[in-house]
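Architecture and fold: a report
One letter stands for each residue in the lines below.
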Amino acid sequence: MARKGAASMFATALLLGVFANIAPSVESIGVSYGMSGDNLPPASTVVGMYKANGIPLMRIYAPDQAALQAVSGTGIRVVVGAPNEVLSTLASSPAAAASWVRNNIQAYYPDVTFRCICVGNEVAGAAAADLVPAMENVRAALAAAGLDGIKVTTSVSQAILGGYKAPSAAEFTDEAQGFMGPVLDFLARTGAPLMASVYPYFTYATNPSAMDLSYALFTAPGTVLQDGEYGYQNLFDATVDSFYVAMARHGGAGVTLVVSESGWPSAGGVAASPENAALYNQNLINHVGKGTPRHPGAIETILFSMFNENLKESGVEQNWGLFYPNTNRVYPISFN
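This write-up is about the structure you can find in this document.

Thresholds, definitions, all that
- Residues numbered from 1 in each chain as written.
- Predicted model: local features only at pLDDT ≥ 70, side-chain atom pairs only at ≥ 80, totals over all residues.
- Heavy atoms only, no water.
- Helix = DSSP H or I, 4+ residues; strand = E, 2+ residues; numbered from the N terminus.
- Polar contact = N/O pair within 3.5 Å; in protein donor to acceptor, adjacent residues only side chain to side chain.
- Contact = heavy atoms within 4.5 Å.
- Disulfide = S-S within 2.5 Å.
- Buried < 20%, exposed > 50% of the residue type's maximum accessible area, 1.4 Å probe, protein only.
- Salt bridge = Lys/Arg side-chain N within 4 Å of Asp/Glu carboxyl O.
- Pairing = 2+ DSSP bridges.
- Axes fitted to C-alpha atoms, helices over the stretch in contact; angles between N-to-C directions.

Here the focus is the side chain of H250. Examined against the element boundaries, H250 turns out to sit in the loop between helix 10 (235–249) and strand 9 (257–262). In this structure the side chain of H250 is engaged in a polar contact, spanning 2.8 Å, whose partner is the side chain of E171. Contacts of H250, omitting those with residues within four sequence positions, involve E171, F172, Q177, G181 and L184.

In structure tokens, the structure reads:
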């Protein structure tokens, strides 16, 4: 996750959604299995933690043999990433895309229940030109392997919305407008969702004086932002609907959103504490079945992250986990 970019652009973002053609439910809450740590438990233990906590959806950022083997046969759905490092190769070579699908998807199917393939994560700059060609080649490779039921998408940063504004005024940044049109066209044609990271934490922490913390933590007692006929009581909903408005401006009115990352750090920065992290994440879990003012209906959401990861940059980046690497909880949380 490229949250540093989101923070530096004072972020606002949003995201909501459900995967196309699948009935949404509150039970579609998932957790990202980040692996940037040298002290994490083995994959078999991690998958056992998903099962014990009733977490039905896992996101991994690159194909990991141990994780895919461990999750095999469990029924836990998996969002698997084709990481940014392979984007240009997948874009330029249908043969490379076919090999990637064969080795990382077909080799584990159907024992692994693939939710979708996320080609690239928060891609920016010149590399964004490779997004749609890579997605097209991966989709063609899946079809050739008889796996065209597995959707292909990408995950974008909330930073592509630029600064915080009312949802009705939302628009992508100039840079993002250069690639989001083709991305949304691909998703609309194939019935796939757009995935996006939604971090009210960064919007708040960048300028704490601009809003009350309760608006970011789902604890405001009433409407904080009135946007025409729509009233917003929390920043998550406002950013999700902002994404939808911006998407509609660029041909994506029929594309759904999936929250590919959201969370709150327990240490290392402004308003980062176990108490606030527990409050945000539990309220998020309890909230996503309700939808947003503009888009009622359950929001498929993936929390970041399963563990505190010690190989990330010091500060908040190391403190997004629901669990310590020793498998103890950082704070109480329930997925029921």
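Right, picking up where we left off after that structure.
Right, let's get into the state of the cysteines. Per the counting criterion, the structure on display carries 0 disulfides. The thiol sulfur of C116 is not disulfide-bonded, and the nearest other cysteine sulfur, from C118, lies at 6.2 Å. The class for C116 is buried, based on a relative accessible area of 0%. Owing to a relative accessible area of 3%, C118 belongs among the buried residues under this scheme.

The next point concerns the pattern of salt bridges. Per the stated rule, a full pass over the model turns up 6 salt bridges. Across the pair D227 and R294 runs a salt bridge, and its minimum N-O distance is 3.1 Å. With D227 in strand 7 (residues 225–227) and R294 in the loop between helix 11 (274–287) and strand 10 (301–303), this pair connects stretches of sequence that are 67 residues apart. Salt bridges here are not isolated pairs; linked through shared partners, they connect R77, R115 and E300.

Spatial strand order, 1-2-3-4-5-6-9-10: 8 strands in a closed barrel with parallel pairing. Ignoring strand direction, the axes of neighbouring strands in this sheet form an average angle of 25°. Bridge count between strand 1 (residues 30–32) and strand 10: 2 bridges; the pairing is parallel. Looking at strand 10, one finds that V31 is bridged to L303. Sitting on the sheet, helix 11 touches strand 9 and strand 10, and the angle it makes with strand 10 is about 160°.

What follows covers the environment of T45. Note that T45 resides in helix 2 (residues 43–52). Taking the relative accessible area as the measure of exposure, T45 reaches 32% and is therefore partly exposed. Sequence-wise, T45 and T327 are 282 residues apart; in three dimensions their C-alpha atoms are separated by 8.8 Å.

Read these as layout, nothing more, since geometry by itself doesn't imply function.
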